[in-house]
Amino acid sequence: MPRRLSAAQVDSYRRDGYVFPVPAFTGAEASEMRRRLEALAAGEGGRLSKRTNQKPHLLLPWLNDLIRHPALLDAVEDVLGPDLLCWASGFFWKPPHDKGFVSWHQDSTYWGLSKPDVTTVWLAFSPSTRASGCMRVVPGTHLLDQVAHRDTFAADNLLSRGQEIEVAVDESKAVDVTLRPGEFSLHHVRIVHGSEPNRSDEPRIGFAIRYLPTDVRQLSGVRDSATLVRGTDAFGNFDLEPRPASDFHPDAVALHAQMLERQTAILYAGAKVKPAYGQSKEIRVS
Ligand code: NI
């Protein structure tokens, strides 16, 4: 029996590569999280720094609690099993009428991970609609192998390398992943997805959290790290990251800097050259 998803939802994730909406938090709880995030951004000059927005759960206890929240992990366990690592997190934040977009891509492209048993929780902090530039997915494309991507480094592209898929995408088949605040979607690491600019008057804010089972390995040659969020780690493929003691605790800031250095080495491996196996970081707020 699944813990959080229905059997039909698990089936549809396997068949289509995504499932939504999954309710996790009330509108009031989502508003409170958004308030905390906006307060954080206000302290950084109105927008999250690129640095803070990479694995912010290593800097802020409330986000570290969020990546471990049973309302999210029970659904992740339903598709990946009981031993779970959080490998990355970051906000996708499009201000009202922002030009930021996400080109069609597969998340697996530059992540360097040994197999595609990887899923993303995309938790809405504000309404994610067609008008506000919600994520769009092409059903069934998670069954493709890794597809070639080219780096564009386009200015308004929210992906680390502006990578876009090199095959034609049939946009007529794309599905809008619309979410209310407090709801999330799950999407498979290979599914072809993207998003358009925010044409609405409201910010579109989502927290993307990347999860893997503990038997996945990092193939880039860089020793990688992750946070054990459920179960046990019998493999030791990643250095396990501690929970920060307080907001921006000096020990956490120092560790975060080290982890970022490694992640950057992984995500930009082979940039401007042909990427060996894929990957992006896609962890930027605009
Ligand atoms: Ni993506």
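Up top is the structure.
Thresholds, definitions, all that
- Residues numbered from 1 in each chain as written.
- Predicted model: local features only at pLDDT ≥ 70, side-chain atom pairs only at ≥ 80, totals over all residues.
- Heavy atoms only, no water.
- Buried < 20%, exposed > 50% of the residue type's maximum accessible area, 1.4 Å probe, protein only.
- Helix = DSSP H or I, 4+ residues; strand = E, 2+ residues; numbered from the N terminus.
- Pairing = 2+ DSSP bridges.
- Expected span 1.5 Å × (residues − 1).
- Arc of directions from axis to C-beta.
- Contact = heavy atoms within 4.5 Å.
- Phe/Tyr/Trp six-rings, centres within 6.5 Å; stacked < 30°, edge-to-face > 60°.
- Lys NZ or Arg CZ within 6 Å of the ring centre and 35° of its normal.
- Salt bridge = Lys/Arg side-chain N within 4 Å of Asp/Glu carboxyl O.

Visitor: How would you sum up the pairing of strand S11 (residues 204-213)? Please name residues and give values.
Guide: Across the 10 residues that make up S11, a large majority, 10, are buried. Going residue by residue along S11, you find Arg-204, Gly-206, Ala-208, Arg-210 and Leu-212 tucked away on one face and Ile-205, Phe-207, Ile-209, Tyr-211 and Pro-213 tucked away on the opposite face as well. Note: strand S2 (residues 84-94) against S11, 10 bridges, orientation antiparallel. Residue pairing in the sheet places Lys-94 in a bridge with Arg-204 of S11. The pairing of strand S4 (residues 119-124) with S11 spans 6 bridges and is classified as antiparallel. Bridge pairing in S11 places Val-121 opposite Ile-209.

Visitor: Any chance you could break down the environment of Thr-26 for me, citing the residues and the numbers?
Guide: Structurally, Thr-26 is set in the loop between strand S1 (18-23) and helix H2 (27-42). In sequence terms Thr-26 and Tyr-13 are 13 residues apart; their C-alpha atoms lie 24 Å from each other.

Visitor: Residue-level account of H2, with values.
Guide: Taking 1.5 Å per residue, 16 residues should reach 22 Å; H2 reaches 22 Å between its end C-alpha atoms and fits that length. The complete set of buried residues in H2 reads Ala-30, Met-33, Arg-34, Leu-37, Leu-40 and Ala-41. Looking down the long axis of H2, one finds its buried residues gathered within 115° of arc, a one-sided arrangement. Relative to its buried face, H2 has exposed residues pointing more than 90 degrees away, namely Ala-28 and Ala-42. Of the surrounding elements, those touching the buried residues of H2 are helix H3 (61-67), S2, S4 and S11.

Visitor: Tell me what's going on with the packing of aromatic side chains, and back it up with residues and numbers.
Guide: A complete count under the given rule lists 5 aromatic pairs for this structure. The rings of Phe-91, Phe-125 and Phe-207 are connected pair by pair, giving a single aromatic cluster. Cation over ring: Arg-161 sits above Tyr-110, and NZ or CZ is 3.6 Å from the ring centre.

Visitor: Hey, could you go over unusual backbone geometry for me, with residue numbers and the actual values?
Guide: In this structure, the amide linkage connecting Phe-20 to the following residue, Pro-21, adopts the cis form with an omega of -15°. With respect to the helices, strands and loops of the structure, Pro-21 is situated in strand S1. Of note, the phi angle at His-97 is positive, near 55°, even though the residue is not glycine. Following the sequence through the fold, His-97 ends up in the loop between S2 and strand S3 (102-105). Phi is positive for Phe-248, which is not a glycine, with a value near 55°. The residue Phe-248 is located in the loop between strand S13 (239-240) and helix H5 (250-267) in this model.

Visitor: So what's going on with the pairing of S4? Which residues, and what values?
Guide: With 6 of its 6 residues buried, S4 lies for the most part within the structure. Of the two faces of S4, the one lined by Thr-119, Val-121 and Leu-123 and the one lined by Thr-120, Trp-122 and Ala-124 are each fully buried. For S4 and strand S9 (residues 183-188), the ladder comprises 5 bridges, and the chain directions are antiparallel. Directly across from Leu-123, in S9, lies its bridge partner Phe-184.

Visitor: Tell me what's going on with the pattern of salt bridges, and back it up with residues and numbers.
Guide: By the definition in use, this model includes 26 salt bridges. Between Glu-32 and Arg-35 there is a salt bridge, with the nearest N and O atoms lying 2.8 Å from each other. Of this pair, Glu-32 and Arg-35 are both found in helix H2, 3 residues apart, which corresponds to roughly one turn of the helix. Its relative accessible area of 36% is what places Glu-32 among the partly exposed residues. Here Asp-145 ties to Arg-190 by a salt bridge, and the two come within 3.8 Å at their closest N and O atoms. Here Arg-190 lies in the loop between S9 and strand S10 (193-195) and Asp-145 lies in the loop between strand S5 (135-137) and strand S6 (149-150), a separation of 45 residues in the sequence. By sharing partners, the salt bridges in this structure join Arg-130, Arg-136, Glu-171, Asp-176, Glu-196 and Arg-199 into a single network.

That is the geometry; function is a separate question.
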